[in-house]
Amino acid sequence: MIEGGVKTALETALGARVTGARAVSGGDINRAFAVSLDDGRLVFVKTNDAAPRGMFEAEARGLAWLAEAKALRVPDVLAVGDDFLALSLVIGGPPARDFDERLGRGLAALHRFGAPRFGLDHDNFIGRLPQPNAAAAHAGWAAFYRERRLEPQLRLAADEGLATSRMRAGFARLFTALDELVGPPEPPARLHGDLWSGNHLVDESGAPVLCDPAVYGGHREVDLAMMRLFGGFGARVFDAYAEAWPLADGHASRVALYQLYPLMVHVNLFGGGYVRQVEALLDGIV
């Protein structure tokens, strides 16, 4: 059941009494519930009394930022506190026959909607790890990807004793060549930022829904590379994306480059075999 403090805050924010709560899947770091209210509403609530300060507020802002594009559905934010987030409950159903096409084309529309710059006007989180979004010291995507994505994760890995000499040498080679590796210049895309298969849903009409973002303005190939990292997306998703907004030449050669960031996040969250995966990826890139 939802703890008393969260229950009270939730009832105050939503103007209705909680009449029931059923545990549901909510990811690796939070507890999640489908909550019934006495006015008949069903609400998705996730809680974490050890959440980093501002984590749920950042997620709420990220969902609103994605919703601005009107490209793919995201859950509505109903209430947010230091230790909980309440969203509209997505009632799942079977995917529509054109689900993959709608996801691919919708993602292209989201990316094309764009962002004011590389980064964001506030920092947020990827998982429970801080994600800095301030502008890089030097202009351009390569500088942002190095200074705000790869270097912070490498420093964290080093602080935790996870950065091997092979990993450090690989990143040293990569940073020397990064300007030539990132691909042709493109305007900042509006990224979900943490788009693995567990962070998209199917709603009652069979349409795609995005959730649990780690948003920022970045290179659109970042989302696509992460989608390929752990699987769970059909080939038609990528084909439909390319039909809606073709990728720049050489994009296939950059998949590994843009998988480095989520893999380094996994190194710092879970350690283990992800260290060797990063080492192998670096050896293949440079």
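Quick caveat, the model's predicted, so the values are computed rather than measured.

About the criteria used
- Residues numbered from 1 in each chain as written.
- Predicted model: local features only at pLDDT ≥ 70, side-chain atom pairs only at ≥ 80, totals over all residues.
- Heavy atoms only, no water.
- Helix = DSSP H or I, 4+ residues; strand = E, 2+ residues; numbered from the N terminus.
- Expected span 1.5 Å × (residues − 1).
- Buried < 20%, exposed > 50% of the residue type's maximum accessible area, 1.4 Å probe, protein only.
- Pairing = 2+ DSSP bridges.
- Phe/Tyr/Trp six-rings, centres within 6.5 Å; stacked < 30°, edge-to-face > 60°.
- Lys NZ or Arg CZ within 6 Å of the ring centre and 35° of its normal.
- Axes fitted to C-alpha atoms, helices over the stretch in contact; angles between N-to-C directions.
- Contact = heavy atoms within 4.5 Å.
- 1 Å grid on protein atoms, 1.4 Å probe; cavity = no way out; pocket = protein on both sides within 12 Å on 5 of 7 lines; lining within 4 Å.
- Points joined across faces, edges and corners; volume = space filled by probe spheres on them.
- Nonpolar A, V, L, I, M, F, W, Y, C, P; charged D, E, K, R; others polar.
- Core = buried A, V, L, I, M, F, W, Y, C linked by side-chain atoms within 4.5 Å.

### Considerations on helix α2 (residues 55–67)
With 13 residues, α2 should reach 18 Å at 1.5 Å per residue; the first-to-last C-alpha distance of 19 Å fits that figure. Buried within α2 are the following residues: M55, F56, A58, E59, A60, G62, L63, W65 and L66.

### Thoughts on the pairing of strand β3 (residues 42–47)
Remember that side chains alternate between the two faces of the sheet whenever the strand is regular. Counting buried positions along β3 gives five out of six residues, so the element sits mostly inside the fold. Two elements, strand β2 (residues 31–37) and β3, share six bridges in a ladder whose sense is antiparallel. Bridged to A32 within β3 is K46. Here β2 folds back onto β3 in antiparallel fashion, the turn holding four residues, of which G40 has a positive phi close to 95 degrees. Relative to strand β5 (residues 84–88), β3 is paired through five bridges, and the arrangement is antiparallel. Paired with V43 across the two strands is S88, which belongs to β5.

### Structural notes on the packing of aromatic side chains
One pass over the structure, following the stated rule, counts eight aromatic pairs. An aromatic cluster is built from F118, W141, F144, Y145, Y216 and Y258, whose rings are joined through pairwise contacts. R149 extends its terminal NZ or CZ atom over the ring of Y216, reaching a point 4.0 Å from the ring centre. The lysine or arginine in question, R190, covers the ring of W65, its NZ or CZ lying 4.0 Å from the ring centre.

### Notes on the sheet that holds strand β1 (residues 18–24)
Strand order in this open sheet of five strands is β1-β2-β3-β5-β4, and the pairing throughout is antiparallel. Sheet topology places β1 and β4 (77–81) at the edges, where each strand pairs with a single neighbour. Each strand of the sheet is rotated relative to its neighbour by a mean of 20 degrees, with strand direction disregarded. Against the sheet, helix α1 (residues 4–14) contacts β1, β2, β3, β4 and β5, and its axis sits at roughly 45 degrees relative to β5. The sheet contacts of α2 involve β3, β4 and β5, and relative to β4 the element is tilted by about 155 degrees.

### Considering the environment of C211
Looking at the element boundaries, C211 is found in the loop between β10 (208–210) and β11 (216–218). The spatial distance from the C-alpha of C211 to the C-alpha of H122 is 19 Å, given a sequence separation of 89 residues. Leave out the neighbours within four places in its chain, and C211 touches L63, P75, H192, G198, N199, H200 and L201.

### Some details on the layout of surface pockets
Any space left empty among the atoms is revealed by the rolling of a water-sized probe across them. Approximately 230 Å³ is the volume found for the second largest pocket. Put simply, the parts of the chain that give the lining of the second largest pocket at least two residues each are α4 (141–159) and α5 (165–181). When residues of the lining of the second largest pocket are assigned to their parent elements, the largest contribution, five residues, is made by α4. Split into classes, the residues belonging to the lining of the second largest pocket amount to 10 nonpolar, four polar and four charged.

### Describing empty space enclosed by the protein
The final tally for this structure, using the stated rule, is one cavity of 30 Å³ or more. When its volume is computed, the largest cavity comes out at roughly 30 Å³. Taken together, I126, G193, Y216, V222, M226, Y261 and P262 make up the lining of the largest cavity. Mapped by element, the contributors of at least two residues to the lining of the largest cavity are α6 (221–229) and α8 (255–270). When the residues that make up the lining of the largest cavity are grouped by side-chain class, the tally is six nonpolar, one polar and no charged.

### Observations concerning the nonpolar core
Counting 39 residues, the largest nonpolar core has W141, Y145, M167, F171, L174, L260 and V278 as the members making the most contacts within it. Broken down by secondary-structure element, the contributors of at least two residues to this core are α4, α5, β8 (189–191), α6, α8 and α9 (273–285). For this core, the leading source of residues is α8, giving nine residues. In this view, L260 contacts Y145, L150, F171, L174, V278, L281, L282 and I285; residues no more than four positions away in its chain are not counted.

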